[in-house]
Amino acid sequence: MMSGTSADGIDVALVRISGAPPNISAKFEAHHHVAFPSRVRAAILQIANGGPTTAAEISQLNFLLGEEFARAAMGACKRWRVPLSKIDLIGSHGQTIYHQGTASKFLGDQKVASTLQIGEPSVIAERTGLPTIADFRPMDMAAGGQGAPLVPFVDYLLYRDAKLGRVALNIGGIANVTVIPAGARAEDVFAFDTGPGNMIVDALVEAATHGRARFDRDARIAFGSHTIPRLLERLMREPYLQKRPPKTAGREQFGGDYADALIAWGRKRRAKPADMVRTATVFTSLSIADAFHRFIFPRVRIDELIVAGGGAKNPLMMAQLAATLPRVELVPASAFGIPPEAKEAFAFAVLAYEAYHGRPNNLLSATGARHAAVMGKLVRGARATATAPASNPARAGGSGHERW
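Throughout, residues of each chain are indexed from 1 in the direction in which the sequence is written. With the structure being a predicted model, the display of local features is reserved for residues of pLDDT at least 70 and the display and counting of side-chain atom pairs for 80 or more, all residues being used for whole-chain, interface and lining totals. Values reported for side chains reflect all heavy atoms of the structure, with hydrogen atoms and water molecules removed beforehand.

1. Points about the overall build of the chain
Right, on to step 1. Secondary structure elements are defined from DSSP: runs of H or I of at least 4 residues count as helices, runs of E of at least 2 residues count as strands, and each element is numbered from the N terminus. Summing up its helical and strand segments, the chain has 16 helices and 12 strands in all.
Right, on to step 2. With the radius of gyration taken over C-alpha atoms, the globule rule is written as 2.2 Å times the number of residues to the power 0.38. A compact globule built from 404 residues should have a C-alpha radius of gyration of about 22 Å, and the chain, at 21 Å, falls within 12% of that.
Right, on to step 3. If one aligns the C-alpha atoms of the chain with their principal axes, the spans along those axes are about 65 × 50 × 50 Å.
Right, on to step 4. Contacts are assigned to residue pairs with any non-hydrogen atoms lying within 4.5 Å of each other. Residue pairs at least 24 apart in sequence account for 73% of intrachain contacts in the chain once pairs closer than 6 positions are excluded.
Right, on to step 5. Note on areas: Shrake-Rupley with a 1.4 Å probe; residue coverage comes only from the protein chains shown. Accessible area for the chain stands at about 17,600 Å²; split by element, carbon and sulfur atoms hold 52% of it.
Right, on to step 6. In this tally Asp and Glu are treated as negative and Lys and Arg as positive; neither His nor the chain ends contributes. Positions of charges follow a simple convention, taking NZ of Lys, CZ of Arg, CG of Asp or CD of Glu. Looking at the chain, you have 47 positive and 35 negative side-chain charges, and the mean spots of the two groups are 2 Å apart.

2. Observations regarding the pairing of strand 4 (residues 95–105)
Right, on to step 1. Pairs of strands are assigned from DSSP output, requiring at least two bridges between the strands. The sheet contact formed by strand 4 and strand 5 (residues 111–118) spans 7 bridges and is antiparallel. The partner of Thr96 across the bridge, within strand 5, is Gln117.
Right, on to step 2. Following strand 4, the chain reverses through 5 residues before pairing antiparallel with strand 5; Leu107 in that reversal takes a positive phi of roughly 55°.

3. Brief notes about the sheet that holds strand 8 (residues 174–180)
Right, on to step 1. Taking strand neighbours across the sheet as the criterion, the 5 strands line up as 9-8-7-10-11 in an open arrangement whose pairing is mixed. Either end of the sheet is taken by a strand with one partner, and the two such strands are strand 9 (190–196) and strand 11 (329–332). For this sheet the average axis-to-axis angle between neighbouring strands, irrespective of direction, equals 25°.
Right, on to step 2. Pairing geometry for strand 7 (residues 166–171) and strand 10 (residues 304–308), over 5 bridges, is parallel. Bridge pairing in strand 10 links Leu169 to Val307. To obtain an axis, a line is fitted to C-alpha atoms, over the contacting stretch when the element is a helix, and the angle between two such axes runs from 0 to 180 degrees between their N-to-C directions.

4. Description of the packing of aromatic side chains
Right, on to step 1. Any Phe, Tyr or Trp ring, taking Trp's six-membered ring, that has another such ring centre within 6.5 Å forms a pair; planes under 30 degrees apart are called stacked, those over 60 apart edge-to-face, and the others tilted. Tallied over the full model, the rule gives 6 aromatic pairs.
Right, on to step 2. On the basis of an interplanar angle of 65° and a centroid distance of 5.2 Å, the ring pair of Phe136 and Phe348 is categorised as edge-to-face. Remark: Phe348 occurs in helix 14 (residues 343–356) and Phe136 occurs in the loop between strand 6 (132–134) and helix 4 (137–142); sequence separation between them is 212 residues. The two residues Phe136 and Phe348 agree in class, both being buried.
Right, on to step 3. With centroids separated by 5.9 Å and ring planes inclined at 85°, the aromatic side chains of Phe192 and Phe295 adopt a geometry described as edge-to-face. On the criterion of sequence distance, the pair formed by Phe192 in strand 9 and Phe295 in helix 12 (residues 273–296) is long-range, its members being 103 residues apart. Each member of the pair Phe192 and Phe295 is classed as buried.
Right, on to step 4. What links up through ring pairs into an aromatic cluster is the set Tyr240, Phe254 and Tyr258.
Right, on to step 5. Lying over the aromatic face of Tyr240, Lys247 brings its terminal NZ or CZ to 4.4 Å of the ring centre.
Right, on to step 6. Consider the ring centre and the ring normal. A charge sits over the ring if Lys NZ or Arg CZ is within 6 Å of that centre and within 35 degrees of that normal. Note that Arg299 overlies the ring of Phe190, its terminal NZ or CZ placed 3.9 Å from the centroid. When accessible area is computed with a 1.4 Å probe and restricted to protein chains, residues below 20% of their type maximum are described as buried, those above 50% as exposed, and intermediate ones as partly exposed.

5. Examining unusual backbone geometry
Right, on to step 1. With omega at 5°, the peptide bond leading from Pro21 into Pro22 counts as cis.
Right, on to step 2. Residues other than glycine seldom take positive phi values, yet Ala219 does so here, at roughly 60°.
Right, on to step 3. The topology assignment puts Ala219 in the loop between helix 6 (199–208) and helix 7 (220–223).
Right, on to step 4. Relative accessible area serves as the criterion here: at 0%, Ala219 is assigned to the buried category.

In short, geometric facts, not functional conclusions.
Given below as structure tokens:
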């Protein structure tokens, strides 16, 4: 289960997994999405954007989101007509409300890096009765990594090819890439956040529609408007774009404050809100292309760009990427059997499976960690003994006894 930086809701993926790397088999079966109630999403964004809060509010929201994730899991199983008793394991990324991947000064001269995902896994395990693995990022950070990106571990398993150089691009709230050279070994893979994905666009859409829309469906607003060259040029000078990988981004860089500054810029110059939306949409695409030309093409020949995330459904973003990366074939993640909107939930199923079996599941070349680590904390539900995956990976192959 996954809720990203857009905080629009919970994606649940049903995945059948067996074996162990490098011969792990992970087959996508189904996807279910549950939107957060508006008041819940507002509370998440208030905290994630650095708004005033209290320890009590964060604690309460942590447990409330645990209930939301549990309901999402049970609702998904009901929709799929798969009994909970057939599920072996739940992997829940939770909801990130703070991520500081690189150490900064805190309480004097002490340097600290930290991350916080909420959506209490104890509540999920108790309500479903299933073993639940959550809180993936802190172990990688404890091992000297940035705690992100984590999906590249799964991208490498899914997309490596002897002859084709590939990049897996996910355009969620933040856009991130996994670069997989032809014939790559794990240590050849590198990954980073390119910058904003849908985050800025969504904020401008909400402002332009006074909250009636959360995103620009089919780029209808953007297609009916004009780019503001002066603003686009200014956005492309964003210092984060020039920072060398490994690097991570989130609401700390491109959240509410950033969007508010853009809105104020537009109002001061009487820019049309729709033109602001289009400009931010183009900026997302060009910032991704800039990362290719600045950090990827000089190192690796790329044949295919595999696109997932909500941005994959934005035709203007896709057209801009195709125009700025003419030598690269754009391929939807669905061509590999995984719907773009389910990709990250799918990935955390695989990460949880590996964690359960005690196998390292971070990619050092992506996060910058000093050593391999087993990411994720296990909480056992009431029926965990009866339903948990066997510790013997051979059993997980499902001979005569298939389980999810």
